[in-house]
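# Chain and residue survey
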Amino acid sequence: MTVDTQPAPRFPDPRDFGFTVLDEAEIPAELTALVGQVRSLVDAVAHTEAGPEALERARAAAAEATAALGGERRAIGAMVRHTRPDGGAEYGTVTNIVAGPTNPAAPPLRLERDGDGLRGEVVLGGVYQGPPGLVHGGWIAALLDQALGSAANAAGVPCLTAKLDVDYRDPTPLNVPLHITARVTGAERRKVFVSAEIRHNGEVTAEGTAIMVRIPLPG
Ligand SMILES: CCCCCCCC/C=C\CCCCCCCC(=O)SCCNC(=O)CCNC(=O)[C@H](O)C(C)(C)COP(=O)(O)OP(=O)(O)OC[C@H]1O[C@@H](n2cnc3c(N)ncnc32)[C@H](O)[C@@H]1OP(=O)(O)O
């Protein structure tokens, strides 16, 4: 048996490649609170049965809130740095649709290191619905892709998904804690092989495997 004693490579600093990077501590608490409020609003709008007057009041308040933010916008591609307890850094885009901390459309999924992989927990409400009472299959794939990509990137290798396979084993319910795990299972030249699962109550509802391909970085 071969034991790999190589330390994981350090993820390159995206600033060295022209990306804007903010530390997650730089995200104002007021923005985090606003993002949470907008998530609640989206859920309320999607499910409301309020009458016309209440709907018009809510629309006007939403228009006012949009105007209050002015025209100042963060650049597309801006990244956020998360510093792990061991001092290492992990990066993602700040508006990532699955995990972005400033994106109200993201659940968000937060992943942390667990042994040689990652794990996280997420609850998806009715705005992630596909079949009645169940999570949309595309969102299941999105959760798995994020976990798979994060596992490969957490191993210090900037890479993109080249191939994603999803097995939908059992229906994935809404409004319950979903447990997600992901790990690197192998590597060959520029390919990194990764595997992930979504579980509810300990039962696997979906499994994903992917081939991630390392991005050639200049220099
Ligand atoms: C320091 C700054 C870094 C900044 C960037 C940070 C990254 C992210 C950081 C944090 C993220 C956290 C998590 C994110 C999670 C979400 C992930 C996503 O959603 S990714 C978006 C969707 N995916 C795409 O848009 C890819 C589109 N495809 C491509 O760009 C190319 O096809 C690419 C790069 C994948 C490969 O193209 P080629 O020209 O560079 O390389 P070729 O030679 O074709 O392939 C290399 C090897 O890969 C295999 N390969 C390529 N495609 C394959 C496929 N579909 N199936 C199987 N193998 C494939 C080939 O057979 C070859 O293997 P052999 O070395 O010969 O053994």
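Residue numbers here run from 1 along each chain, matching the order of that chain's written sequence. Only residues with pLDDT of 70 or above have their local features reported here, since the model is predicted, and side-chain atom pairs are shown and tallied only from 80 upward, although totals for entire chains, interfaces and linings are computed over all residues.

A count of helices and strands for the chain gives three helices and nine strands. Across the chain, helices and strands are ordered from the amino to the carboxyl terminus as β-α-α-β-β-β-β-α-β-β-β-β. Principal-axis analysis of the C-alpha atoms gives the chain an extent of 70 × 40 × 30 Å. Within the chain, buried positions represent 22% of all 219 residues. Here, residue contact means that the backbone-derived C-beta atoms of the two residues sit within 7 Å. Here the analysis covers contacts within the chain between residues at least 6 apart in sequence; of these, 63% occur between residues at least 24 apart. The numbering of helices and of strands both runs from the N terminus, where a helix is a DSSP run of H or I of at least 4 residues and a strand a run of E of at least 2. Neighbour counting defines burial: a residue surrounded by 20 or more other C-beta atoms within 10 Å of its own C-beta is buried, one with 12 or fewer is exposed, and intermediate counts give partly exposed, using backbone-placed C-beta atoms.

This part covers the sheet that holds strand β2 (residues 79-83). Only strands that DSSP links by at least two bridges are regarded as paired with each other. If you trace the three strands from one edge of the open sheet to the other, you get β1-β2-β3, paired in mixed fashion. Of all strands in the sheet, those bounded by a partner on one side alone are β1 (21-23) and β3 (89-93). With direction set aside, neighbouring strand axes in the sheet form an average angle of 30°. By the bridge criterion, five bridges tie β2 to β3 in an arrangement that is antiparallel. Its bridge partner being in β3, Thr83 is matched across the sheet by Ala89. Lines fitted to C-alpha atoms define the axes, with helix axes restricted to the stretch in contact, and inter-axis angles between N-to-C directions lie between 0 and 180 degrees.

Another point: the UniProt feature "domain: Thioesterase" (unreviewed entry) in the chain. Per the UniProt record, the feature "domain: Thioesterase" (unreviewed entry) sits at residues 133-204. Between the C-alpha atoms that bound residues 133-204 the distance is 17 Å, and the span itself is 25% helix and 47% strand. UniProt positions are given in the numbering used here, feature names are shortened, and annotations may be inferred rather than shown by experiment.

So, about helix α3 (residues 137-154). The end-to-end C-alpha distance of α3 is 25 Å, a good match for the 26 Å that 18 residues give at a rise of 1.5 Å each. Counting buried positions along α3 yields 13 of 18 residues, so the element is predominantly enclosed. In the segment just after α3, Gly156 is the residue with positive phi, at about 95°. The span one expects for a helix is its residue count, reduced by one, times 1.5 Å.

The local shell around the ligand holds 22 residues, among which Gly149, Ala162, Lys163, Arg189 and Val213 are the closest. Going through the elements one at a time, β3, α3, β6 (159-168) and β9 (203-214) are the ones with two or more residues in the shell around the ligand. Following the grouping adopted for this structure description, the nonpolar residues are Ala, Val, Leu, Ile, Met, Phe, Trp, Tyr, Cys and Pro, the charged ones are Asp, Glu, Lys and Arg, and the polar ones are all others, Gly among them. Across the shell around the ligand, the residue classes break down as 10 nonpolar, six polar and six charged. For each residue, a C-beta atom is placed from the backbone, and the residue is labelled near a molecule or strand when this atom is within 6 Å of it.

Bridge count between β1 and β2: three bridges; the pairing is parallel. Counterpart to Val21 in the pairing with β2 is Met79. In textbook terms, the turn of a hairpin is the stretch between consecutive antiparallel strands, and for β2 and β3 this stretch comprises five residues, one of which, Gly87, has a positive phi near 95°.

Attention now moves to the pairing of β9. Relative to β9, β6 is paired through nine bridges, and the arrangement is antiparallel. Paired with Tyr168 across the strands is Ala206, a residue of β9. Where strand β8 (residues 191-200) hands over to β9, the hairpin turn is made up of two residues, of which Asn201 adopts a positive phi near 55°.

Here we take up the environment of Val35. You can see Val35 is positioned in helix α1 (residues 29-47). The class for Val35 is partly exposed, based on 18 C-beta atoms found within 10 Å. Sequence separation between Val35 and Pro104 is 69 residues, and the spatial gap between their C-alpha atoms is 5.0 Å. Setting aside anything within four residues of it in sequence, one finds Val35 in contact with Thr102 and Pro104.

Turning our attention to the nonpolar core. Only buried residues count toward a nonpolar core: Ala, Val, Leu, Ile, Met, Phe, Trp, Tyr and Cys, linked into one set through C-beta atoms within 7 Å. Within the largest apolar cluster, 30 residues are counted, with the highest numbers of intra-cluster contacts made by Leu143, Ala147, Leu148, Ala151, Ala152, Ile180 and Val194. Here this core takes eight residues from α3, the largest share from any one element. Not counting residues up to four positions away in its chain, the partners in contact with Ala151 are Gly117, Leu118, Ala182, Arg183, Val184 and Val194.

A few words on the sheet that holds strand β5 (residues 117-123). Spatial strand order, β4-β5-β7-β8-β9-β6: six strands in an open sheet with antiparallel pairing. Edge positions in the sheet fall to β4 (110-114) and β6, since each of these pairs with one other strand and no more. Going from strand to strand, the sheet's axes swing by 25° on average, the running direction of each strand aside. The sheet contact formed by β5 and strand β7 (residues 177-188) spans seven bridges and is antiparallel. Residue pairing in the sheet places Arg119 in a bridge with Thr181 of β7.

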